[in-house]
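Here are the chains, one letter per residue:
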Amino acid sequence: MKRSPGVPTSSLLLGLVSLVGVSSLPVSPAAAQSTWFKRISTQPAASSATVGGSTSVPYGWVDFCHRRPKECKVPALPATSVKLTAQNMSILKRINQKANRSIKPVSNYDHWGTMMDHWDYPVDGKGDCKIYALYKRKLLQEAGFPRQALLMTVVRDLNNEGHTILTVKTDKGDLILDNMVDEIRPWNATGYYFLKRQSQQNPNTWVSINQRGGTAKRLSPSS
């Protein structure tokens, strides 16, 4: 990742210290988190994706709602975002990694024996990208995160293939939880082409995006 111009002198000094191998300077989680926020703010694109009007609902979500009606028969709620405190970021990282490491990746066809998109929770510990994203959404809701900030999102990945991820709306912008990487990235550091996602107010309404999510930054492959 290229360094942004105008780095404060204090940051340069810390960098020089680290280069000469001095490891005795402790860095608190809060300080590291503050630096992370600054890196987000230097991204070239907006920190939140601009959404358009209502669009088609993925077949997989419709089928999921048919099989699990209690998950979808929910009231419309006002849009809200998560306050991205160090504690909340820690929860996001923990849950993203937990799902990425506990689910065995398997294709939709090999798993369910159908080419039709099948969305569900990891009832047997296996699944593709939709299963990862749904599971993260479920775990985050159980951890107290508001439903309106946890949005199933459909994109085209770096190979131009269909892919599903979870967008988390925060007061620092849109963050992405992705089964392809353990690192949580701003939406505009993925390089994905964003097609659509759930409305914040109503999970059964989907809105268009049709925006490239910046340029992919260095990735940390999940295990």
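Residues numbered from 1 in each chain as written. Predicted model: local features only at pLDDT ≥ 70, side-chain atom pairs only at ≥ 80, totals over all residues. Heavy atoms only, no water.

1. Here's the deal with the pairing of strand β8 (residues 189-198)
Okay, so step 1: Among the ten residues of β8, eight are classified as buried, and the element is accordingly described as predominantly covered.
Okay, so step 2: Bridge count for strand β4 (residues 150-156) against β8 is four bridges, and the pairing is antiparallel. Among the inter-strand pairings, Thr153 is bridged to a residue of β8, identified as Arg197.
Okay, so step 3: Judged from the six bridges that link them, β8 and strand β9 (residues 206-214) form a sheet pairing that is antiparallel. Looking at the pairing, Phe194 lines up with Gln211 of β9. (Buried < 20%, exposed > 50% of the residue type's maximum accessible area, 1.4 Å probe, protein only. Helix = DSSP H or I, 4+ residues; strand = E, 2+ residues; numbered from the N terminus. Pairing = 2+ DSSP bridges.)

2. Topic: the side chain of Arg185
Okay, so step 1: Counting through the fold element by element, Arg185 comes out in strand β7 (residues 181-186).
Okay, so step 2: Arg185 sits in the buried class, given a relative accessible area of 2%.
Okay, so step 3: Within polar-contact distance, the side chain of Arg185 engages the side chain of Asp178 at 3.1 Å. (Polar contact = N/O pair within 3.5 Å; in protein donor to acceptor, adjacent residues only side chain to side chain.)

3. Looking at the packing of aromatic side chains
Okay, so step 1: Per the counting criterion, the structure on display carries five aromatic pairs.
Okay, so step 2: Aromatic pair Phe64 and Tyr121: ring centres 5.6 Å apart, planes at 90°, arrangement edge-to-face. Within this pair, whereas Phe64 is found in helix α3 (residues 59-67), its partner Tyr121 is found in the loop between α6 (108-112) and β3 (126-127), the two being separated by 57 residues in sequence.
Okay, so step 3: For Phe64, a relative accessible area of 0% corresponds to the buried category. (Phe/Tyr/Trp six-rings, centres within 6.5 Å; stacked < 30°, edge-to-face > 60°.)

4. Let's talk about the sheet that holds strand β5 (residues 162-170)
Two strands in a sheet stick together by hydrogen bonds in their backbones, pointing the same way (parallel) or opposite ways (antiparallel).
Okay, so step 1: Sheet architecture is open: seven strands sit in the order β1-β9-β8-β4-β5-β6-β7, paired in antiparallel fashion. Edge positions in the open sheet fall to β1 (54-55) and β7, since each of these has one partner strand only.
Okay, so step 2: Bridge count between β4 and β5: seven bridges; the pairing is antiparallel. Bridging across to β5, Leu150 finds its partner in Val168.
Okay, so step 3: Sheet strands touched by helix α5 (residues 86-102): β5, β6 (173-178) and β7. Its angle to β7, the strand with the most contacts, is close to 140°.
Okay, so step 4: Contacts from helix α7 (residues 129-142) reach β4, β5, β6 and β8, with the element oriented near 20° to β5. (Contact = heavy atoms within 4.5 Å. Axes fitted to C-alpha atoms, helices over the stretch in contact; angles between N-to-C directions.)

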